[in-house]
Amino acid sequence: MTVLAHYVLLLALLTSVSSAVLYFRAASTRDERLTVPRALLLSSVSLVVIACAILIVLLVRHDFSNAYVYGYSDRSLPLHFLLSAFYAGQEGSFLFWSLCSSLIALWLMRSRSATPAVLTVYLFVNSMLLLLVFTKSPFHLIWDTYAQVAVGQIPADGHG
């Protein structure tokens, strides 16, 4: 699931950039056809939500093959602390901020007062945040991050 989430983040980044470029084109040419950039924006938001859901599932299932889950949770944590481990580390916080930013973009898209120029700027900022999440991803395998863990060996418990 960790590899799947990595590709989901990549697709979210690509769809966000594409939507921003198409909103820019619509703003500069005063084109009223916005169905494609809106569909790309919806796709990007959906993909960010899927990435967040994957991280939550990894946390709840105690999948310690994921370096983020291993580093910020353990089996003794109650569910509410386990869910808050979602944004405990820097990588999870970036993912949380990209979720909030994507939901705001969705709200802006539905707002009648938001012009394509506003959405262009906002989506370029959102794309930069998604680029940050993609490069500093919470979806790395434990063997890539922790040298003391032998390849193929999954720890019984996390750091907490």
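Reading the values: rules and limits
Residues numbered from 1 in each chain as written. Predicted model: local features only at pLDDT ≥ 70, side-chain atom pairs only at ≥ 80, totals over all residues. Heavy atoms only, no water. Helix = DSSP H or I, 4+ residues; strand = E, 2+ residues; numbered from the N terminus. Core = buried A, V, L, I, M, F, W, Y, C linked by side-chain atoms within 4.5 Å. Buried < 20%, exposed > 50% of the residue type's maximum accessible area, 1.4 Å probe, protein only. Contact = heavy atoms within 4.5 Å. Axes fitted to C-alpha atoms, helices over the stretch in contact; angles between N-to-C directions. Parallel < 35°, antiparallel > 145°, perpendicular 65-115°, else oblique. Left-handed = near helix turned anticlockwise from the far one by under 90°. Nonpolar A, V, L, I, M, F, W, Y, C, P; charged D, E, K, R; others polar. Patch = residues over 30% accessible without salt bridge, like charges linked within 9 Å, V, L, I, M, F, W, Y side chains within 5 Å. Areas by Shrake-Rupley, 256 points an atom, 1.4 Å probe, with all protein chains shown as cover. Salt bridge = Lys/Arg side-chain N within 4 Å of Asp/Glu carboxyl O. Expected span 1.5 Å × (residues − 1). Phe/Tyr/Trp six-rings, centres within 6.5 Å; stacked < 30°, edge-to-face > 60°.

S.K.: Hey, could you go over unusual backbone geometry for me, with residue numbers and the actual values?
M.R.: A positive phi is found at H62, a non-glycine position, where the angle reads about 55°. Locating H62 in the fold gives a position in the loop between α2 (35–60) and α3 (67–72).

S.K.: Tell me about the nonpolar core, residues and numbers included.
M.R.: Core analysis: the largest hydrophobic core is formed by 30 residues, its most contacted members being L9, L55, L95 and F139. Listed by contribution, the elements that provide at least two residues to this core are α1 (2–29), α2, α3, α5 (90–110) and α6 (116–135). Per-element tally for this core: the top contributor is α2, with eight residues. Once you skip the residues sitting within four places of it in the chain, L95 turns out to touch L9, A51, C52, L55, F86, V133, P138 and F139. Among the nonpolar cores identified, the runner-up in size contains twelve residues, and Y23, L41, A114 and L119 belong to it.

S.K.: Tell me about the packing of α1 against α6, and name the residues and values.
M.R.: The contact between α1 and α6 brings their axes to 8 Å, and the two run at 160°. Taken together, the axes of α1 and α6 are roughly antiparallel relative to one another. Here α1 runs over α6; the crossing is left-handed. Taken together, the residues of the contact of α1 with α6 break down into 20 nonpolar, six polar and no charged.

S.K.: Can you break down a nonpolar patch on the surface residue by residue, with the values?
M.R.: Taken together, the side chains of V17, V21, F24 and F124 present a nonpolar region at the surface, about 310 Å² in accessible area. The element contributing the most residues to the nonpolar patch is α1, with three residues. Within the secondary structure, F124 sits in helix α6. Here F124 falls in the partly exposed class, since its relative accessible area comes to 32%.

S.K.: Just give me the short version of α2, but keep the residues and values in it.
M.R.: End to end, α2 covers 37 Å across 26 residues, agreeing with the expected 38 Å (1.5 Å per residue, within 8%). The first or second residue beyond α2 is H62, which carries a positive phi of 55°.

S.K.: Go over the packing of aromatic side chains with me, naming the residues and quoting the values.
M.R.: Here the structure, examined in full by the defined rule, presents five aromatic pairs. For the ring pair Y68 and Y72, a centre distance of 4.8 Å and an interplane angle of 45° mean the geometry is tilted. Separated by four residues within a single helix, Y68 and Y72 lie in helix α3, roughly one turn from each other. On the basis of relative accessibility, which here comes to 32%, the residue Y72 falls in the partly exposed class. Seen in terms of ring centroids, Y70 and Y146 are 5.0 Å apart; in terms of plane orientation they differ by 75°. Their pairing is edge-to-face. With Y70 in helix α3 and Y146 in the segment after α7 (142–145), this pair connects stretches of sequence that are 76 residues apart. Here Y70 and Y146 have matching classes, each one buried. Taken together, F86, Y87, F96 and W97 form an aromatic cluster joined through their ring pairs.

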